[in-house]
Amino acid sequence: MKKAIQNISVLLSIAFAIACGSQEKKSTETTQEQEPKQEVKLTESEQLISEVESAHLTEKYSSQEVIQFDMHLIFRGKTRFKGKISMTPNGGLVRMEDSIKTMIWDGQMAYISPDTSSYAKARFDLLTWSYFFAAPYKLNDPGTQKEFLGNKNLNGEKYPAFKLSFEGGVGDSPDDWYIVYQDSKTDLLAAMAYIVTYSKSQEKAEQDPHAITYEAYTEVEGIPFATQWNFWTWNEAGELHKLLGEAQISNIQFTKKAEGLFQPPAQSRQVEKPSV
């Protein structure tokens, strides 16, 4: 009888401990549920970027291995490039090929093949046109700095805008800056004013600022892409006076990264960054 009473006492103690533990856990969960979640407040520039990234389906775009497309670029009345571009989503690896040459950016260096080619702008082309293509997805890259500008005029219309600049040592041209314009109706990237400091000083580049307008959007697997780029003269009043060039983008497709796609072909030469 004494042993039975002891066993019952032990069982009651265990049951009590379990009940207390369950009650404590429930109380903790209730307290956690009652605690308000801390909301992260975005700056105005961050909010614009978030809207642009959402409209451009950044997560889906960034999950692709390689994007390929054809580009016909005409600048100041002359064809600058007419061929195929292959690139990783962030532009970290780029291949450009036309009927006479192949250019490669392997993430560190630029190459051109054949090595006898006298073309002098391979490095500029590899870094510039891939950046303009991937621009909606690079607004929040490491080393970027943003300044909200409010609603800014662009050719007679108002657009939410911010200035994008870079920390020192970021990329080939850290002194570049962009004025990024958002289409408030679609949240898509509408345009970017910019300067080109590649091989020139910032002071000289700011004497000749340009703008690119993104037009004729089409969807590929649900992701919007501008198929018409127009390049203009631009000033701080947001006036677009003269059309400087244009690019038609076509045959956009996603593919896998083929072996050797971003490796310099045989008989390539390295293209160094020009000095200012």
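The structure displayed is predicted, hence computed values, not measured ones. (Residues numbered from 1 in each chain as written. Predicted model: local features only at pLDDT ≥ 70, side-chain atom pairs only at ≥ 80, totals over all residues. Heavy atoms only, no water.)

Caption draft 1: Seen up close, the side chain of Ser86. Mapped onto the secondary structure, Ser86 falls in strand β2 (residues 78-87). On the basis of relative accessibility, which here comes to 1%, the residue Ser86 falls in the buried class. At 3.1 Å, the side chain of Ser86 and the side chain of Gln68 are in polar contact. The contacts of Ser86, once residues within four sequence positions are left out, are Val66, Ile67, Gln68, Leu93, Val94, Arg95, Leu261 and Phe262. (Helix = DSSP H or I, 4+ residues; strand = E, 2+ residues; numbered from the N terminus. Buried < 20%, exposed > 50% of the residue type's maximum accessible area, 1.4 Å probe, protein only. Polar contact = N/O pair within 3.5 Å; in protein donor to acceptor, adjacent residues only side chain to side chain. Contact = heavy atoms within 4.5 Å.)

Caption draft 2: Seen up close, the confidence of the model for the protein. Across the protein, the average pLDDT comes to 87, with 83% of residues at 70 or higher. Here residues 1-31 is modelled with pLDDT under 50, and outside its nearest four sequence neighbours on either side it reaches zero contacts, counting other chains as well. (pLDDT = per-residue confidence, 0-100.)

Caption draft 3: Seen up close, a negative patch on the surface. A contiguous patch of negative charge, built from Asp175, Glu203, Glu206 and Glu236, is present on the exposed surface. Position of Asp175 among the secondary structure elements: in the loop between β7 (157-166) and β8 (178-182). We classify Asp175 as partly exposed; its relative accessible area is 43%. (Patch = residues over 30% accessible without salt bridge, like charges linked within 9 Å, V, L, I, M, F, W, Y side chains within 5 Å. Areas by Shrake-Rupley, 256 points an atom, 1.4 Å probe, with all protein chains shown as cover. Salt bridge = Lys/Arg side-chain N within 4 Å of Asp/Glu carboxyl O. Lys, Arg positive; Asp, Glu negative; His and termini not counted. Charge placed at Lys NZ, Arg CZ, Asp CG, Glu CD.)

Caption draft 4: Representation of the pattern of salt bridges in the model. Evaluated as defined, the whole model comprises five salt bridges. Across the salt bridge formed by Asp98 and Lys101, the nearest N and O atoms sit 2.6 Å from each other. By the burial criterion, Asp98 is buried, and Lys101 matches it. A salt bridge links Lys138 to Asp141, with the nearest nitrogen and oxygen atoms 2.7 Å apart.

Caption draft 5: Up close: the pairing of β8. Taking burial as the measure, the five residues of β8 include five buried ones, the bulk of the element. The two faces of β8 match: Tyr178, Val180 and Gln182 on one face and Ile179 and Tyr181 on the other face are all buried. The pairing of β8 with strand β9 (residues 189-194) spans five bridges and is classified as antiparallel. Along β9, the bridge assignment pairs Val180 with Met192. Between β8 and β9, which follow one another and run antiparallel, lie six residues, and Asp187 among them has a positive phi close to 70°. (Pairing = 2+ DSSP bridges.)

Caption draft 6: A look at unusual backbone geometry. At the junction of Ser113 and Pro114, the peptide bond is cis and its omega measures out at 5° in the coordinates. Inspection of the secondary structure puts Pro114 in the loop between β5 (110-113) and α4 (122-134). A positive phi is found at Arg76, a non-glycine position, where the angle reads about 50°. Relative to the helices and strands, Arg76 resides in the loop between β1 (66-75) and β2.

Caption draft 7: Representation of the pairing of β2 within the structure. Examined bridge by bridge, β1 and β2 share nine bridges and lie antiparallel to one another. Across the sheet, the residue bridging to Phe69 is Ile85, located in β2. Between the end of β1 and the start of β2, which pair antiparallel, lie two residues, with Arg76 showing a positive phi angle near 50°. With four bridges connecting them, β2 and strand β3 (residues 94-97) associate as antiparallel partners. Among the inter-strand pairings, Ile85 is bridged to a residue of β3, identified as Met96. The hairpin formed by β2 and β3 contains six residues between the paired strands, and Gly91 there has a positive phi angle of roughly 75°.

Caption draft 8: Expanded view of helix α2 (residues 44-55). For α2, spanning 12 residues, the distance from its first C-alpha to its last is 17 Å, which sits close to the expected 16 Å at 1.5 Å a residue. For α2, the complete set of buried residues consists of Ser45, Leu48, Ile49 and Val52. All buried residues of α2 lie within an arc of 95° about the axis, which places them on one face of the element. Packed against the buried residues of α2 are β6 (144-154), β7, β8 and β9. One or two positions beyond α2, positive phi appears at Leu57, with a value near 50°. (Expected span 1.5 Å × (residues − 1). Arc of directions from axis to C-beta.)

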